[in-house]
Each structure stands twice: as structure tokens, then as C-alpha cells.
Amino acid sequence: MSQGCVCANPGRWTGWTRVVVMGVVLTATVTTSVAQPVPPAPPATGHVAAPENPAAPPPQPPWQTHVADAKSLLRADRVDEALARLDEALQAAATETPEVQASLYCMRGLAATRAGEGRRAQALEALIKSLALDANNSDCRLELARLQLAAKQYGDAHKNAERVAGQAGEDADMRRDADAIARRAEVMGLLAQGREALKARKADEASARLKLALTKADAAGLSTEEISLIYYIRVLALRLLGDDLEALANAQTAVRLTPQDADSQLLLAQVQFESDHYAEARAAAERALLLGLSDGDDRSAA
């Protein structure tokens with residue numbers, strides 16, 4: 001997608017413009033174009049006849065009028081009204097081709113993302129309906145993957161992003177965006193799986209999932225804080241397994257990445273204490289207290 005996408009960032013309009021211009025306006029132009037009459041040949045006398053008035057084009061279908069209104073409302077940041085116009089457009093286009101309806105659903109999904117998290121379910125529903133009608137719309141599928149990632153639907157986001165990467169052809173920007181979403185979705189999915197396994201006291205599985213996530217975290221573009229969190233959670237799993245040496249190494253890495261995080265400092269102190277490194281444990285506990293532990297139990301533990 002050479003001009004970018006908008007679902008994850010409501011302030012960007014390039015993806016919206018591409019879908020509207022290439023998806024709906026082009027379709028509308030094709031469906032409403034009419035053949036223009038050929039001007040008559042001049043009479044044999046040599047006098048040029050006055051041109052006849054060309055036939056008036058047929059009136060716009062109602063759904064196109066609603067789309068034009070919706071676009072104007074979106075430019076004015078009147079999102080709820082724009083969504084209402086797009087709903088009217090979908091009703092008016094009930095007998096149109098699947099391609100037209102798919103474009104309208106895609107537009108509605110994109111518009112709903114501008115309303116924030118409160119409309120996320122509507123946006124997801126509209127984008128899924130669009131792809132059910134036109135599965136080859138890579139722009140729409142990329143926006144769906146982006147939205148699924150934001151909604152923590154990591155498996156679906158990864159699957160759709162991978163599919164877009166395979167459909168992107170020579171569009172390097174689209175491949176790059178799809179690859180970035182797929183990588184991040186994979187790592188965040190592994191983190192979520194590790195957390196769930198830890199809650200179920202499946203420490204071996206949790207540790208393995210989190211270790212794999214760490215091997216992919218840099219390539220996925222995770223922030224320092226996010227990577228530190230993975231180390232932190234893996235320390236909890238390693239403590240359940242009784243692997244003090246690995247737990248200590250992971251706790252130290254978490255603190256190195258986020259030295260101002262009080263919880264990481266406290267966890268390091270606990271691991272050091274369990275490993276009989278009492279002086280280091282005391283120092284880490286004091287740092288945790290200075291940084292400001294919010295929980296009363298944590299302050300007592302420190």
C-alpha cells in the first residue's frame with residue numbers, strides 16, 4: 001500500500017483515500033457512465049449545423065449521494081453522522097454488485113475506526129463483511145489485521161497480515177506494513193499464551209512460549225518496556241520451575257532494560273534473596289522502595 005493505512009491511526013487519511021477513490025468512486029464511475037452521442041456530420045451545403053444538446057446523464061444512484069455526504073461529514077469530524085449516511089448507502093445499494101457493497105462495508109469499517117474503541121466491534125464487523133464479498137481486497141484486509149492486532153485478536157491478525165503479504169505483489173509498502181503487523185501479532189500472541197499458561201500453573205509451557213517470544217521481540221519492533229515485561233513474566237515461570245540461575249539472569253535483564261520500574265527491582269530482589277545473594281537483594285529492595293512501590297504488600301516484601 002504505497003500511501004499508508006489508517007485503521008490503527010485515525011489521524012491518517014491515506015488509506016481511507018485509497019479505498020474510497022479506488023474502491024467506490026471508480027466503481028461508481030463505471031456503473032454510471034453513459035455513451036455520449038456522436039455529433040452529426042456538417043450538411044453538404046458547407047454550412048455548419050448548430051450542435052445538438054448532449055443528452056443529460058442519468059441521476060446519481062441514491063447510495064452515491066449518501067457516500068458523498070458521508071465523506072463531507074468525515075472531513076468535518078462528524079463521525080456518527082457519517083456512519084448513519086453510510087448505513088443509508090448500504091441499504092440503498094442492496095441490489096448493487098458485490099464489489100460495490102464490499103467497498104461500502106470497507107468504507108464503513110474505516111469510518112468506524114475514527115470513532116475510537118467504542119466503535120471497534122462495528123469496525124471489525126464491517127471489514128469482515130467487506131472481505132466476505134471481496135476476499136481479494138488487500139487494502140481492506142490489511143486494515144482488518146491492524147484492527148485485530150489492536151483488539152488483541154493476535155491469531156486472526158497474524159493470519160490476515162500473512163495473507164496480505166502474499167497478495168501484495170510489487171507493493172513494497174504494503175508488504176512492509178503487513179510483515180510488521182504479522183511479526184508483532186506473533187510475539188504478542190506468544191506473550192498472551194505464556195500468561196495464560198502461567199495462570200494455569202503450567203510453568204514449563206509458559207517459560208517456553210515466553211522464551212520464543214523473546215527471540216522474536218526485536219525483529220517485531222517491540223519497545224524496551226514490552227520486552228522487559230516478557231522477561232519479568234518469564235521470571236515468574238522460572239521461579240515456579242525452581243530454575244534460580246535462569247530466573248536471576250532474566251530478572252537482571254528486566255532491570256537493565258527498565259531500571260526505573262519498581263516492580264522489576266523488587267522481583268530482582270526476591271530472586272537474589274532466594275539465590276542467597278543477600279547484599280544484592282537488599283540493595284535492589286531499597287531501590288524498589290525509592291522508586292515507589294504502590295502496593296502495600298509489595299512494600300512489606302521489600
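Since the model is a prediction, treat every value here as computed from it, not as a measurement.

### Let's talk about helix α7 (residues 154-167)
Between its first and last C-alpha atoms α7 spans 20 Å; for 14 residues at 1.5 Å apiece the expected length is 20 Å, and the two agree. Residues of α7 that are buried make contact with α6 (138-150) and α8 (172-199). Where α7 terminates, the next one or two residues include G169, which has phi positive at roughly 60°.

### Comments concerning the pattern of salt bridges
Oppositely charged side chains are able to pair whenever their charged atoms sit close together. The final tally for this structure, using the stated rule, is 16 salt bridges. With a closest N to O distance of 3.6 Å, D77 and R114 form a salt bridge. On the criterion of sequence distance, the pair formed by D77 in the loop between α2 (62-75) and α3 (79-92) and R114 in the loop between α4 (98-113) and α5 (120-133) is long-range, its members being 37 residues apart. For E226, the salt bridge goes to R184, with nearest N and O atoms at 2.5 Å. Remark: R184 occurs in helix α8 and E226 occurs in helix α10 (residues 224-241); sequence separation between them is 42 residues. We classify E226 as partly exposed; its relative accessible area is 23%. Classification of R184 by relative accessible area gives partly exposed; the value is 23%.

### Some details on the packing of α5 against α6
Where α5 contacts α6, the axes come no closer than 10 Å and their chain directions differ by 150°. Taken together, the axes of α5 and α6 are roughly antiparallel relative to one another. Along this stretch, α5 crosses α6, giving a crossing that reads as left-handed. For the pair formed by α5 and α6, the contact residues are R120, A123, L124, L127, I128, S130 and L131 on the first element and C140, R141, E143, L144, L147, Q148 and A150 on the second.

### Concerning the environment of L240
With respect to the helices, strands and loops of the structure, L240 is situated in helix α10. Since its relative accessible area comes to 39%, L240 is described here as partly exposed. C-alpha separation for the pair L240 and S207, spaced 33 residues apart in sequence, amounts to 9.9 Å. Those residues in contact with L240 that lie beyond four places of it in its chain are L198, R201 and A203.

Thresholds applied
- Residues numbered from 1 in each chain as written.
- Predicted model: local features only at pLDDT ≥ 70, side-chain atom pairs only at ≥ 80, totals over all residues.
- Heavy atoms only, no water.
- Helix = DSSP H or I, 4+ residues; strand = E, 2+ residues; numbered from the N terminus.
- Expected span 1.5 Å × (residues − 1).
- Contact = heavy atoms within 4.5 Å.
- Salt bridge = Lys/Arg side-chain N within 4 Å of Asp/Glu carboxyl O.
- Buried < 20%, exposed > 50% of the residue type's maximum accessible area, 1.4 Å probe, protein only.
- Axes fitted to C-alpha atoms, helices over the stretch in contact; angles between N-to-C directions.
- Parallel < 35°, antiparallel > 145°, perpendicular 65-115°, else oblique.
- Left-handed = near helix turned anticlockwise from the far one by under 90°.

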